Amino acid sequence: MFDLTVIGGGPGGYTAAFKASRLGMKVALVEAFKIGGVCLQAGCIPYKALLESARVSGLVRNAGEFGVDASMNGIDFSRMMSRKNKVVERLEKGLAFLVENNKVAYFDGLASLAGLGKVRVKNLKNREEQTIETKDIIIATGSKPKFIQAFAADGKKILYSDHIVALAEAPASIAILGGGPIGVETATLMRALGSSVVILEAAPRIMINEDEEISFELKKQLEKKGITIEVEAKVAEADKKDTGVTVDYTDSGGDRRSVDADCLLVAIGREGLTNGLGLETAGVGTEHGYIKVNVSMRTTASDIYAIGDVAGPPLLAHKASAEAIVAVETIAGRDTAPVDMLKIPHCTYCEPQVASIGLTEAQAAGEQRKIKTGRFSFKINGKALCESDEIGFIKIIADKDTDEILGVHMIGGEVTELIQECAEAMYAESTLEELKMAVHAHPTRSEALKEAALDADGESVMK
Amino acid sequence: MTDIIMPKLSDTMEEGKVLKWLKAVGDEVKKGEKIVEIETDKADMEVEAFDSGILGKIVVKEGETAPVGSAIAMLGEVEEVKEVEEVKEVEEVKEIKEVKEVKEVKEAGRPGQVKASPLAKNVAARLGVDIAGIAGTGPGGRITKEDVEAVVKAGPAVGKPVKGGDIEEMSAMRKAIAKTVTKSKTEIPHFYLTVAVEMDKAAAFKEEERKRGREDVKITYTHIITRAVVETIKTHPIVNSFYIDGRIVRNKNINIGILVAIEGGILIPVIKECERLSLKQVAKISNDVVQRARSGRLSAGELTGGTFTISNVGMLDVEHFQAIIDPPQSAILAVGSIKKRPVVDESGGIKAALVMNMTLSIDHRVLDGEPAARFLNEIRDRLMEPEGLA
């Protein structure tokens, strides 16, 4: 009899398992494939590892500007991939060690709910089945690429993101359906590998969830690299041919066009992994394809919790692990605070990087409150100039009356690290005043954040 | 340096509001000199200095409230005044130490030492919320923006005005009235008896007494009714008692409270030891306290100690009404207007007579219907034959 059974070994699941174990519970962790989930096996980590190769290639290309004599002879695809695999393996080993160290019982198999306090586990290799008895259950099965019949992936000509990280060679050309985070990260990677890249986005701008100014700046910068971006492109179908794939679409002007590429990446969103769990029988309700939960991560069934991607957007690893803590502390009867979705940082590792937290200017303005905005460009930031990487800016949105930090939006080098200062500031309910008055070291990119905060009150001395 | 403390100016006073400082810091103050105006639950009063000296420091500013017994100012000798600032600093250091200890036991801090996020402080300041009283739900019990907004959202307990309305703070007197009548109506099981009294003889008696008396003592119906009540209480002493915690407390003296309407509320000045007073003495004392009640110059002692209350709204054309007993008293007499009304006389004919209705409110825990009715009838009889009331 376990105190807690966690279904799914991604960042939500393993965090829940380890935390519960630390609180003295007897924990089972069930994973059908490999520990780490999409994050470690096909998402965050492999993408970031591959994109680092792209970044280094950029540095080598520009080495002459730094007085470094080097020549760019291209990226060796297989060495890039094996380096990525090493990173993944190392993190896998780390997780396996933590499973052992935390005395978590690891079950290799596909789980389903089998009545009150019971989880059935079916091993996918030897087909053996067993039933685990448990007091509480956390479902952390994650998500998968959204399935549309017309663009069903075959892993060769039509791909999902998990195929990208397992490619054997770089395609000479790629069409990307969807200009969201996966689309622009893949575009960045493929372009650095020398592929010709076309992004087809149905919305009026790429990265539709980011602030408008960020979207426009990113589009400009990606286009500078030679990436073709079509917005308001309505894709009708993808014709697979011997040589590749032909994607037919209607452009923003209403003209029918087509693009030929070696392959098509379908990156139009993801959906919760809810199939086969036996949710309905167990009384676990769903909504818009995700498991319905309350602020304590409880589902509609007693003693069953859901966290991470399967419990709804935003689909982010760190959101899953934050929810894991809430769920486990709730189960343990401890005081806990719900995860505030508006205080979760969003990081995209395209080049230039994009990072944001909180409301966009349009969202903040729509809330019927008085806002003020501050901006600061990396063009006048010493550290950015030292790095010859002065693209981008920081934009901050605050409440005019209370100085509440409503949102921060960044584009440029290392902004995925920089956003964390804002996450902590917003969690602690610091105001513009604290960002303005805290001493920021020189020379750092964080000075641009302080100046953006000062600029919101017209007080920047560097502009 | 001696403290000037918030005096207890009435039995029920728990705190007082400084309305006006009549002396400024550095002013010389003589013993017995009026130094400050205080608003209590009963009345606004001027407070005198108990010692002479120099007003060294004002602790409670105008408009602020302080509990009874707390220092509201400091009185020093001339040389001492300069030390005041230092003294203050020492005290503040002490206070900070105390606050630190309080924090350690995770109790709510004091204003200025409250554990709240910068944003929560900004929002509270903007919305005019006192952050000190809010329970924090953030990390380590910290007050968050949400906590402040929740308090504002909950709103004042009395509810919100309809569109276009305002919320207004009540004066100390209105609060005291609200507290007293609520206590009375929720704790005392009232019942009511009404009688009609023919007042022609009382009217004639009043005119006679007026003619006979000195011109400066004006005799009114209230004085005559007071006398009738006092004489009747002598034969029904139970009415003059208090009900306190399941026991009857019998009062030796008959102290009659006369309800006086004043600007913004009511006051009940008390005429003490009425059993020893003649009509003229009642009239003289009554006229004096009522007049001073209206000009806000009563002492605390004159507003306390009542054993029975009379509320006469006869001048306002009211047929009859039921008054609320002033706890811990057992009864109150509500007197309506005196009017010419048709009355059936002994021969069966109709005559015009001056008629007054009066209603007795009684605490049923103390007195039942029958003795209460006899008490009320006896008052009526005395008013109808008023000669003995002089």
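Calculation notes
Residues numbered from 1 in each chain as written. Chains lettered and ligands numbered in written order. Predicted model: local features only at pLDDT ≥ 70, side-chain atom pairs only at ≥ 80, totals over all residues. Heavy atoms only, no water. Contact = heavy atoms within 4.5 Å. Buried area = accessible area lost by both parts, 1.4 Å probe. Salt bridge = Lys/Arg side-chain N within 4 Å of Asp/Glu carboxyl O. Polar contact = N/O pair within 3.5 Å; in protein donor to acceptor, adjacent residues only side chain to side chain. Nonpolar A, V, L, I, M, F, W, Y, C, P; charged D, E, K, R; others polar. Domains from an automatic or database assignment. Helix = DSSP H or I, 4+ residues; strand = E, 2+ residues; numbered from the N terminus. Pairing = 2+ DSSP bridges. Axes fitted to C-alpha atoms, helices over the stretch in contact; angles between N-to-C directions. Buried < 20%, exposed > 50% of the residue type's maximum accessible area, 1.4 Å probe, protein only. pLDDT = per-residue confidence, 0-100. 1 Å grid on protein atoms, 1.4 Å probe; cavity = no way out; pocket = protein on both sides within 12 Å on 5 of 7 lines; lining within 4 Å. Points joined across faces, edges and corners; volume = space filled by probe spheres on them. Phe/Tyr/Trp six-rings, centres within 6.5 Å; stacked < 30°, edge-to-face > 60°. Lys NZ or Arg CZ within 6 Å of the ring centre and 35° of its normal.

On to the interface of chain A and chain B, then. Across the boundary between the two partners, chain A contributes ten residues, which contact 13 residues of chain B. Considering only the surface of chain A that becomes buried against chain B, Thr 402, Glu 404 and Glu 429 of chain A emerge as the three largest contributors, covering 55% of it. Counting across the chain A and chain B interface gives two salt bridges. Close ionic contact of Glu 404 of chain A with Lys 145 of chain B constitutes a salt bridge, the shortest N to O distance being 2.8 Å. Here chain A is connected to chain B by seven residue pairs in polar contact (both at pLDDT 80 or more). Of the residues in the side of chain A that touches chain B, the class split is two nonpolar, three polar and five charged.

Once the domains are mapped, chain B shows domain 1 (2–85), domain 2 (108–159) and domain 3 (175–389). Distance between the C-alpha centres of domain 2 of chain B and domain 3 of chain B: 50 Å.

What follows concerns unusual backbone geometry. Cis peptide bonds are those with omega within 30 degrees of zero, and the linkage from His 442 of chain A to Pro 443 of chain A qualifies with -5°. Looking at where Pro 443 of chain A falls in the secondary structure, it is placed in the loop between helix 13 (432–437) and helix 14 (446–456). The residue after Pro 327 of chain B, namely Pro 328 of chain B, is reached through a cis peptide bond having omega 5°. Position of Pro 328 of chain B relative to the elements: it lies in the loop between strand 16 (308–312) and strand 17 (331–344). With phi around 65°, Asp 303 of chain A is a residue other than glycine that occupies positive phi space. Topologically, Asp 303 of chain A is positioned in the loop between strand 18 (290–291) and strand 19 (304–306).

What follows deals with the sheet that holds strand 24 (residues 405–412) of chain A. All names here are of chain A. Read across the open sheet, the five strands follow the order 20-21-24-23-22; overall the sheet is antiparallel. Unpaired on one side and paired on the other, strand 20 (346–348) and strand 22 (371–377) mark the two borders of the sheet. Each neighbouring strand pair of the sheet contributes to a mean axis angle of 10°, computed without reference to strand direction. Where strand 22 lies against strand 23 (residues 392–399), seven bridges are found, and the strand directions are antiparallel. In the strand pairing of strand 23, Lys 372 is matched with Ala 398.

On to the pattern of salt bridges. Residues and elements named next belong to chain A. Per the counting criterion, the structure on display carries 53 salt bridges over all chains. Ionic pairing is found between Arg 375 and Glu 213, a salt bridge with its closest N-O pair at 2.6 Å. With Arg 375 in strand 22 and Glu 213 in helix 7 (residues 212–224), this pair connects stretches of sequence that are 162 residues apart. A relative accessible area of 26% means that Arg 375 is categorised as partly exposed. By relative accessible area, Glu 213 is classed as partly exposed at 26%. Ionic pairing is found between Asp 389 and Arg 445, a salt bridge with its closest N-O pair at 3.6 Å. Highlighted residues: Asp 389 in the loop between helix 11 (382–386) and strand 23 and Arg 445 in the loop between helix 13 and helix 14, separated in sequence by 56 residues. Judged by its relative accessible area of 5%, Arg 445 is buried. What you see here is one network of salt bridges that share partners, running through Lys 372, Asp 403, Glu 433, Lys 436, Asp 457 and Glu 459.

Let us look at the domain arrangement of chain A. Residue and element names in this part refer to chain A. Once the domains are mapped, chain A shows domain 1 (2–144 + 271–341), domain 2 (149–268) and domain 3 (352–456). Taken over C-alpha atoms, the centre of domain 1 sits 27 Å from the centre of domain 2. On the domain 2 side, the residues contacting the 14 residues of domain 1 number 16 residues. Carbon and sulfur atoms make up 74% of the surface buried where domain 1 meets domain 2, a total of about 1,200 Å² over both sides. Considering only the surface of domain 1 that becomes buried against domain 2, Tyr 47, Leu 51 and Phe 77 emerge as the three largest contributors, covering 52% of it. Taken together, domain 1 and domain 2 are joined by zero salt bridges. On inspection of domain 1 and its partner domain 2, the count reaches three residue pairs in polar contact (both at pLDDT 80 or more). Every element with two or more residues in the side of domain 1 that touches domain 2 is listed here: helix 3 (44–61) and helix 4 (77–101). Broken down by element, the residue count for the side of domain 1 that touches domain 2 peaks at seven residues, all from helix 3. Broken down by class, the residue content of the side of domain 1 that touches domain 2 amounts to ten nonpolar, two polar and two charged.

Moving on to the confidence of the model for chain B. Residues and elements named next belong to chain B. Confidence in the prediction for chain B averages 84 pLDDT; 87% of positions are at 70 or higher. Summarising per-element confidence for chain B, the mean pLDDT is lowest in helix 1 (residues 84–104) (47) and highest in strand 16 (97). Across residues 80–87, confidence stays below pLDDT 50; counting only partners more than four residues off in sequence or on other chains, it has six contacts. The low-confidence segment residues 97–112 (pLDDT under 50) makes ten contacts with residues lying over four places distant or belonging to another chain.

Attention now goes to empty space enclosed by the protein. Residue and element names in this part refer to chain A. Counted by the stated rule, this structure contains one cavity of 30 Å³ or more. Volume-wise, the largest cavity comes out at about 30 Å³. Lining the largest cavity, in full, are Pro 145, Ser 161, Ile 182, Val 266, Ala 267, Ile 268, Gly 269 and Arg 270. Residue composition of the lining of the largest cavity, by class: five nonpolar, two polar and one charged.

Summed over the entire model, instances satisfying the criterion amount to three aromatic pairs over all chains. Here the basic side chain of Arg 445 of chain A rests over the ring of Phe 378 of chain A, its NZ or CZ set 4.9 Å away from the ring centre. The positively charged end of Lys 206 of chain B is found above the aromatic ring belonging to Tyr 221 of chain B, 4.1 Å away from the centroid.

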